[in-house]
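# Structural description and commentary
Here is how the chains run, residue by residue.
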Amino acid sequence: MEERIISEYLSKVMKKAFGEVLGRSILKKQIEDLNIQEDEVSERELRKLSDNIYRATQDMGEEKAEEVRDKILEATKLVGTQEESWKAEIAKGDAKREMSEWGSAKDHYMTALEEFEGEEEEKADIYRKLGSVLQRTEEYELGEEYFDKAADIAGDAGKVANCLEGKSGTLWRQGKHREALETAKKGMEELDEMPTVSRNQERKKKEYQAMICRSIGNIYLDLNEKDKSIEYCKKAIDLYEDLDKKGNAGVVHNNLARVYEDFEEYDKAIENYDKAVSLCKESGNRFMSGWSMFNYASVLCEEGKPGDALEYCQKAEKIMDEFNHKLGQSRVKCMKGKAYKEKGLYDKAEEFFDESLDLLEGTQTTDYIEITKLEYARMLEERGEVDRAMDELERAKDIHGDKEETITSERVKDFLDRLE
């Protein structure tokens, strides 16, 4: 059983890091070079494999190479038998979580709790992991419960802050933005009590601070509070730069660019999307470089440069296809629709908006559905089909429901009011 999990785990780690084709190719070559039999892999062989893959991928970005090496080393916990079965269940849960098999990960963590014989802080770690998995399975209230349980017994101020950041994310996903903001800020307050005697403690504290600042910046953007969103995004960027985490800084530059774009400061948006793409590429975070590219395309459309936007869409589409990422593919389609609308090619634009919504069908990503329908409605109104535009806006309103207002939901309402 463990050997099969290891094989699947290694494949998923490589796919998530480098895309399906390239990731599989790198893994296959290194396994063949080391003459490893995946159904009988040893801890020593996994360590060799992690080193070889690290060396083979360094040129693609040091940060990503280090991250992949560390994830492969995590698979050593799955090798052989462990004295305590609950620890084996945690190792399996961790592997399944990395593989995005959320239901299976949840089952392993639940079994670990049933068989648990460790210390309170070890139990807190299981609770925290369960909270993150339950967020993915959209069992939000139960996820909040486990994050609270984890925070109550975590002990260490940094770990408590980590739990509160997780709970904040769960609240944010439910549209409870004010509660999410309050929870994230409590996490930041907890960090005031975190000791920084050693260099490692100081670094860990900055990592937690950066993570929470990044989350708060996103929440403030949704709440339409521009200055606060910019403030916290910049704080996160400064912390990640101080930690020399270029990929993370690139991700937050992408978030900051979104703030400037939403408030129509397009020059600043372009500047930050440029940094996002550059830093993500340099760090080896190919996926986020692609994500930043289709966001970049959006602001280029606003600047009246649909041709340039389509070039970025093509690059982003290639990356999203390599990762087979449905949400990313949907966002590229939406941006293509926006670009063709700017070109006045409305039939082509409608084709891409429809494809974007098809990819989102059955998902719980309501915020992205709202954004796509808003762009679709803008195209229909421009083409003179006001009734159809209003229908799309009404559907967007229904999808948002009674959740707290966001910058997108307010724009949907304002546009609908104007058309009516």
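Before going into details, it helps to say that this report is about the structure given with it. The structure presented is a predicted model; accordingly, all values stated were derived computationally and were not measured.

### A few points about the nonpolar core
- Judged by nonpolar contacts, the single largest core of 82 residues is most densely connected at Ile216, Trp291, Phe294, Tyr296, Val299, Met320 and Leu393.
- With ten residues, helix 15 (residues 286-302) is the single largest residue contributor to this core.
- Those residues within four positions of Tyr296 in sequence are excluded, and the remaining contacts are Ile270, Tyr273, Asp274, Val277 and Tyr312.
- If you look at the next biggest cluster of nonpolar residues, it comprises 23 residues, including Met14, Leu27, Val41 and Ala95.

### A short note on helix 7 (residues 120-136)
- The end-to-end C-alpha distance of helix 7, which contains 17 residues, comes to 25 Å, matching closely the 24 Å that a straight helix rising 1.5 Å per residue would cover.
- Within helix 7 the residues assigned to the buried category are Ala124, Ile126, Tyr127, Lys129, Leu130, Gly131, Val133, Leu134 and Gln135.
- On the buried face of helix 7, the contacting elements are helix 5 (85-98), helix 6 (102-114), helix 8 (140-153) and helix 9 (157-173).
- Two residues or fewer after helix 7 comes Glu138, characterised by a positive phi angle close to 60°.

### Side note on the environment of Glu381
- Position of Glu381 among the secondary structure elements: in helix 19 (residues 366-382).
- Accessibility expressed as a relative area gives 26% for Glu381, which makes it partly exposed.
- Separated by 28 residues in sequence, Glu381 and Phe353 have C-alpha atoms that sit 14 Å apart.
- Not counting chain neighbours up to four residues away, the residues in contact with Glu381 comprise Ala389, Phe415, Arg418 and Leu419.

### With respect to unusual backbone geometry
- The phi angle at Ser100 is positive, at roughly 65°, despite the residue not being glycine.
- Tracing the chain through its elements places Ser100 in the loop between helix 5 and helix 6.
- A positive phi angle, near 65°, is found at Asn224, a position not held by glycine.
- If you trace the backbone, Asn224 turns up in the loop between helix 11 (199-222) and helix 12 (226-242).

What counts as what
- Residues numbered from 1 in each chain as written.
- Predicted model: local features only at pLDDT ≥ 70, side-chain atom pairs only at ≥ 80, totals over all residues.
- Heavy atoms only, no water.
- Core = buried A, V, L, I, M, F, W, Y, C linked by side-chain atoms within 4.5 Å.
- Buried < 20%, exposed > 50% of the residue type's maximum accessible area, 1.4 Å probe, protein only.
- Helix = DSSP H or I, 4+ residues; strand = E, 2+ residues; numbered from the N terminus.
- Contact = heavy atoms within 4.5 Å.
- Expected span 1.5 Å × (residues − 1).

Nothing here speaks to function; it is all geometry.
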